[in-house]
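# Notes for the structure review
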Amino acid sequence: MHSLPPPHPDAILHSQRLTATIITAIERAGGIIPFNEFMQRALYTPGLGYYSAGMRKFGVDGDFVTAPEITPLFAQCIARQCQQVLANFESGVILEFGAGSGIMAVDILKTLEKLDCLPTHYFILEISSNLQLQQKAMFEAQAPQFLSLVKWLSKLPAEPLQGIILANEVMDAIPVQIFTVQADNISESHITYADNSFQWQEQVTSNEILQQAVTKLELPVGYVSEINLALLAWIQSIADILEAGMVLLIDYGFPNKEFYHPQRNKGTLMCHYRHHSHIDPLILVGLQDITAHVNFTAVADAAVSANLHVAGYTTQANFLLACGLADILFSLNPDDKQNYLKQAQQVKTLILPSEMGELFKVMALTRNLDIPLLGFSKDERTRL
Ligand SMILES: C[S@@+](CC[C@H](N)C(=O)[O-])C[C@H]1O[C@@H](n2cnc3c(N)ncnc32)[C@H](O)[C@@H]1O
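Residues numbered from 1 in each chain as written. Predicted model: local features only at pLDDT ≥ 70, side-chain atom pairs only at ≥ 80, totals over all residues. Heavy atoms only, no water.

### Quick notes on the site of the ligand
We count it as follows: Throughout this document, a residue counts as near a molecule or strand when at least one of its heavy atoms sits within 4 Å of that molecule or strand. Whenever a nitrogen or oxygen atom comes within 3.5 Å of another N or O atom, the pair is scored as a polar contact, on the condition that within protein one atom can donate a hydrogen and the other can accept it, and that pairs from neighbouring residues in sequence are kept only if both atoms are in side chains. Only the protein chains shown count as cover for residues, and the accessible areas themselves come from Shrake-Rupley with a 1.4 Å probe. Just so you know the grouping, Ala, Val, Leu, Ile, Met, Phe, Trp, Tyr, Cys and Pro go in nonpolar, Asp, Glu, Lys and Arg go in charged, and all remaining residues, Gly too, go in polar.
Taken together, 18 residues sit near the ligand, with Tyr-44, Thr-66, Gly-98, Glu-126 and Asn-168 positioned nearest. Here Gly-98 contributes a backbone N or O atom positioned 2.7 Å from a nitrogen atom of the ligand. Between the ligand and the protein, one listed contact pairs an oxygen atom with a side-chain N or O atom of Glu-126 at 2.9 Å. With the chains in place, 94% of the 600 Å² that the ligand exposes on its own is no longer accessible. Looking at side-chain class alone, the shell around the ligand contains 12 nonpolar, 4 polar and 2 charged residues.

Here you go:
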């Protein structure tokens, strides 16, 4: 049994509306849909999905806390890496995917302004129209001076881009396919609706791309995990528009060997609801986040296939320290003891191995940019 906080009656109604649309989709599809379609609908159905509807998700009052919500020092480090890259372009831009509350964009621009290195534009590609509104409100309240620089997009621009593409905790929110290795074939987890609830149903896959990709992994019979084929297409779409510059990807995950470790034989799918983590994506539909860890080897392979250069891969702790996290902390006024201690505590959350320091990784992909990147200048032992 789940011991999760009960949702508010309005939230229950909201979830029932979303559930009804997913049931219709399942009926139209003949009784089952693949799990990745369920995840896509649960998170992104316009107006109803977890990310598309107006509920509070980020921060202490929401369901989970991301690094830019913990402390502005995170964005200040990212800004230092951006400064080094932007210095190579006369009119470089930044494009941020899935900007959440918008706080990272605000803090990056505030830092770049101080460093006298503002981009010509800061694009925010946000597929949730509700989050776009929340991000605009964040800029209006915290940094209205940058509103003329910021442009919200709902899809990638058609024009090639010079500068930086950022994505913090975006890849883990891209829908995954769940597979089981069977003796003679690969089955894919599907979702059906029966007895007033969503339920799992396995089906041998006829999807050749999935079959080939899973077979290549050489996993034992009975092994269950996820594969994110949509992520590979996402990397290709980014590569298609990056003329010159850097893609900076920050997320939790592992290289292939650890991702498909013999002991991790049930996958990495996690749900987040009011700071409780659990593994059942079929409940609280539209009210909880559904995520999977990122396979960074697969990301690197996709990048290389798309003619991007893997310029750096390291832990979040190494990256932030190389970008000067400790210097930024020590430059705070120590007489303001309360703030100093608070920031020091938050820095610990970002870098301790038992917190976000090692599970979170940073990967830089570049094109036509041949410089040793600041954030990867520390001892580079993290292997793909
Ligand atoms: C876990 S939240 C992270 C938000 C924010 N980056 C942060 O660190 O607080 C995931 C975000 O990714 C966005 N997202 C997921 N897939 C996306 C895509 N294909 N394009 C743009 N945004 C996407 C979601 O709408 C959401 O804003």
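### Focus on the environment of Ser-3
This is how the line gets drawn: Per the convention used, a helix needs a DSSP run of H or I reaching at least four residues, while a strand needs a run of E reaching at least two, with both numbered from the N terminus.
Position of Ser-3 among the secondary structure elements: in the segment before helix H1 (9-28). For the pair formed by Ser-3 and His-276, sequence separation is 273 residues and the distance between their alpha carbons is 9.2 Å.

### With respect to the side chain of Ser-187
For the record, the criterion: Each residue is placed in one exposure class: buried if its accessible area under a 1.4 Å probe, protein chains only, is under 20% of its type's maximum, exposed if it is over 50%, and partly exposed if it falls in between. The contact criterion used throughout is that any non-hydrogen atoms of two residues lie within 4.5 Å.
Relative to the helices and strands, Ser-187 is located in strand E7 (residues 186-194). Classification of Ser-187 by relative accessible area gives buried; the value is 2%. Separated by 2.8 Å, the side chains of Ser-187 and Gln-182 make a polar contact. Looking at Ser-187, its side chain comes within polar contact range of the side chain of Glu-202, at 2.6 Å. Setting aside anything within four residues of it in sequence, one finds Ser-187 in contact with Ile-178, Phe-179, Thr-180, Gln-182, Glu-202, Gln-203, Val-204 and Thr-205.

### Quick notes on the nonpolar core
Operational definition: Nonpolar cores are built from buried Ala, Val, Leu, Ile, Met, Phe, Trp, Tyr and Cys residues. Side-chain atoms within 4.5 Å join them into one set.
Ranked by size, the top nonpolar core spans 54 residues in total, and within it Ile-78, Ile-94, Ile-108, Tyr-122, Phe-139, Leu-166 and Leu-248 carry the most contacts. Looking at which element gives the most residues to this core, the answer is helix H4 (residues 72-86), with 9 residues. Grouped together as the second largest cluster of nonpolar side chains are 32 residues, Leu-95, Phe-97, Ile-235 and Leu-242 included.

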